[in-house]
Each structure stands twice: as C-alpha cells, then as structure tokens.
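# Examination of the molecular architecture
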Amino acid sequence: MNNSVSAIEQLAQKYNQLYLTPEEGISFTGVYSDVVKCGKIPESISYKITQSGLTGFSCSEKDKLMIEETPAGPAEILYIYNSSDFDRFIQIMAYQCEPVTVSSVMNSAEISGITNWRKIESHMKEYLVDGGDPDEWKEELRRFTLNRSNYQDSIIVIRRCRYSGLTAGEAGFTEEEWERYSRKLMIYHSISHFVTRKLYPESRNIFFNEITADCLAMLFTFDKYSASLAKKFLGVSKRGYNDRGRLANYYFESRDQLNTLAVKISGIIDRVSSFVSKMLESEAGSYYDILMALQEKSKSGIFEERKALSIFR
C-alpha cells in the first residue's frame with residue numbers, strides 16, 4: 001500500500017470500530033461499547049490510530065470512496081476491491097464486529113444508522129465556542145440526538161465482482177472492460193435502490209426495481225439502455241429463464257413459475273427500452289429523471305405486466 005490514506009482508512013477516522021478485530025462475543029464487551037456507543041477511544045485503539053495503523057485490511061489502491069449527489073440526497077459509496085476486506089468491513093459495521101460468515105453472493109449492502117462520533121464532537125466544540133455551558137452539555141446532547149440525521153450516517157458498500165455474475169465473454173466485453181464496467185454498474189445499481197427507497201417507499205416490487213436499477217446503471221455506464229443486455233443480466237427471454245442471470249436469486253419457487261416470471265419480465269424490459277429511448281430522444285434532464293419517470297409511469301399502468309409481477313412477490 002502506498003503512503004496515501006486509503007478509502008477504508010478514511011472511514012476508520014470516522015468509525016473507530018474499524019480498528020477492532022472481529023471476535024465472537026466482542027459486541028458485548030466494554031471495549032466495543034466504549035468505541036461504538038460512547039465514542040471513547042480505548043488505549044488499544046489509540047495506539048493503532050497513532051502508531052500501528054489500520055490492521056486486518058489490505059486496503060487496495062483500487063478501493064474507492066465517493067459521494068454521489070442524487071435527487072434523494074447525497075449517497076456515500078465505498079467500493080472494495082478485495083473480497084476479504086469487504087467481508088471484514090461488513091462484519092464490523094453491519095454485524096457489530098462479530099465474525100459472521102458473509103455470503104459470497106452478497107456483493108453490496110447499505111448500512112444505515114451508523115453513529116458518527118466526529119459529528120457529535122464537532123457539535124460539542126461549536127456549542128462550547130458559542131458560549132454554551134459545559135454543565136449543560138448532556139442536555140444539549142440529548143436535544144442534538146433527537147434528530148438522528150444530525151449524527152447518524154449510512155453508507156453503500158460494494159464488493160468487486162462481475163456484474164450479475166456474467167463473464168466478460170457473456171456480457172460481450174474484454175476482461176479489462178468488464179471489470180471497469182462492472183464496478184460502475186454496481187455503483188449506480190445500488191444508488192438506484194437508494195433513490196427508490198427514499199423517494200418511492202411504496203415501490204416494493206423487487207423485480208420491477210431490479211429492472212429500473214439495471215436501467216440507471218446502464219445509463220450512467222454506457223450512456224444508453226440495452227434491452228438485450230438487461231435481459232442477460234436477469235437471465236430472461238420470451239422463452240423463459242436461461243439459468244445464468246440474477247432472477248433466480250430473487251425467486252425460488254417452481255421452474256414453471258420461474259419461466260413464466262421470466263417471460264413477463266422480458267416483456268417489461270422491452271417496454272422500458274421503448275420508454276427510455278423516447279426520453280433520451282427528448283433530452284431528459286438527467287438519468288435520474290428517467291429513473292423517477294419510470295417509477296411515476298409505473299403507477300399509471302404504462303407497464304401493464306408490472307401488476308402481474310405482484311403474484312410472485
């Protein structure tokens with residue numbers, strides 16, 4: 001690793017629990033409670049911060065930390081190149097530092113409700129500089145934390161992977177291209193779900209939301225939407241399911257029903273393709289406008305097959 005601060009190290013400055021080592025039962029210890037629930041820095045953590053650095057992570061220079069401005073507000077995204085780093089990050093941040101087995105098919109996660117003690121410390125400094133009474137700080141802290149957005153963060157974490165599990169050959173690209181495209185596809189696929197959850201909480205049909213997430217991902221990656229590639233991603237066609245796409249990840253019933261679902265989804269993708277083409281021709285304001293238009297139009301029944309998907313929920 002070079003001398004610059006890595007993406008994970010940047011986050012460790014905000015979330016000191018990343019200096020902890022996942023161990024069974026650690027979430028019940030005083031050390032974990034001090035770091036996560038009280039914002040304290042035990043001596044063992046202090047030494048790592050000032051001397052030994054972040055251990056347990058390889059911290060690839062290909063890791064990427066970014067903030068994307070979206071219609072639903074800023075989304076913070078961490079792309080992790082090494083799978084072992086992704087697993088450790090998920091264990092610490094999503095499972096309270098317990099050494100759970102992270103599924104190999106988990107390639108992304110949105111972790112919410114993370115206490116950012118740096119925000120609390122910053123507010124305390126402002127409070128005291130403005131003449132606040134130190135004896136009244138506990139009451140001020142109570143008021144400040146009534147609004148969780150004042151001190152809690154969320155982050156989208158993404159593992160390096162082949163998008164939808166497709167090989168470069170299956171997707172129609174070189175290995176180098178497909179690794180680069182897969183990263184961007186994963187990022188904007190996850191951002192699509194972030195925006196949809198925030199702005200369209202009533203939109204809970206997982207299949208339609210996967211279609212729109214693939215759509216936004218392709219728009220940001222290729223500046224166009226490809227129905228044929230969208231069908232490859234989910235493994236669908238007018239003949240049914242092809243055993244290669246993601247659809248089987250979301251539906252586990254009979255093969256006949258899986259094929260029926262695949263045919264319906266294939267039809268929706270064709271309609272989405274036509275709709276997106278018209279929006280691109282009309283010079284839509286942004287790709288996010290297309291995502292939101294798809295969600296809005298779906299309410300009016302323009303994608304009539306979407307209603308049929310509800311029986312597979």
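Heads up: these notes are all about the structure in this document.

What counts, and where the lines are drawn
Residues numbered from 1 in each chain as written. Predicted model: local features only at pLDDT ≥ 70, side-chain atom pairs only at ≥ 80, totals over all residues. Heavy atoms only, no water. Helix = DSSP H or I, 4+ residues; strand = E, 2+ residues; numbered from the N terminus. Buried < 20%, exposed > 50% of the residue type's maximum accessible area, 1.4 Å probe, protein only. Contact = heavy atoms within 4.5 Å. Lys, Arg positive; Asp, Glu negative; His and termini not counted. Charge placed at Lys NZ, Arg CZ, Asp CG, Glu CD. Phe/Tyr/Trp six-rings, centres within 6.5 Å; stacked < 30°, edge-to-face > 60°. Pairing = 2+ DSSP bridges.

Once that is clear, we can look at the overall build of the protein chain. A count of helices and strands for the protein chain gives 14 helices and six strands. When each of the 313 residues of the protein chain is scored for burial, the buried share is 49%. Long-range pairs, those at least 24 residues apart, make up 68% of the contacts in the protein chain with a sequence separation of at least 6. Separation of charge centres in the protein chain, based on 39 positive and 42 negative side chains, amounts to 6 Å.

Inspection of every chain in the model, using the stated rule, returns ten aromatic pairs. Taking the centre distance of 5.6 Å and the plane angle of 5° together, the rings of phenylalanine 173 and tryptophan 178 count as stacked. Seen in terms of ring centroids, tyrosine 181 and phenylalanine 222 are 5.0 Å apart; in terms of plane orientation they differ by 75°. Their pairing is edge-to-face. With a gap of 41 residues between them, tyrosine 181 in helix H8 (residues 175–199) and phenylalanine 222 in helix H9 (residues 206–222) connect regions that are remote in the sequence. Considered together, tyrosine 181 and phenylalanine 222 belong to a single accessibility category, that of buried residues. Connected via pairs of aromatic rings, a cluster forms that spans Tyr163, Phe173, Trp178, Tyr181, Phe222 and Phe233.

Before going further, it helps to examine the environment of proline 22. Looking at where proline 22 falls in the secondary structure, it is placed in the loop between helix H1 (7–14) and helix H2 (30–37). For the pair proline 22 and phenylalanine 89, spaced 67 residues apart in sequence, the C-alpha separation works out to 9.6 Å. Look past the residues within four positions of proline 22 in its chain and what remains in contact with it is Arg88, Gln91, Ile92, Cys97, Glu98 and Pro99.

The next point concerns the pairing of strand E2 (residues 73–80). Judged by how many residues are buried, E2 sits mostly within the fold: seven of eight residues are covered. Where strand E1 (residues 64–70) meets E2, seven bridges bridge the pair, whose relative direction is antiparallel. Among the inter-strand pairings, isoleucine 67 is bridged to a residue of E2, identified as glutamate 76. Between E1 and E2, which follow one another and run antiparallel, lie two residues. Examined bridge by bridge, E2 and strand E4 (residues 152–159) share four bridges and lie parallel to one another. By the bridge assignment for E4, tyrosine 79 is matched with isoleucine 158.

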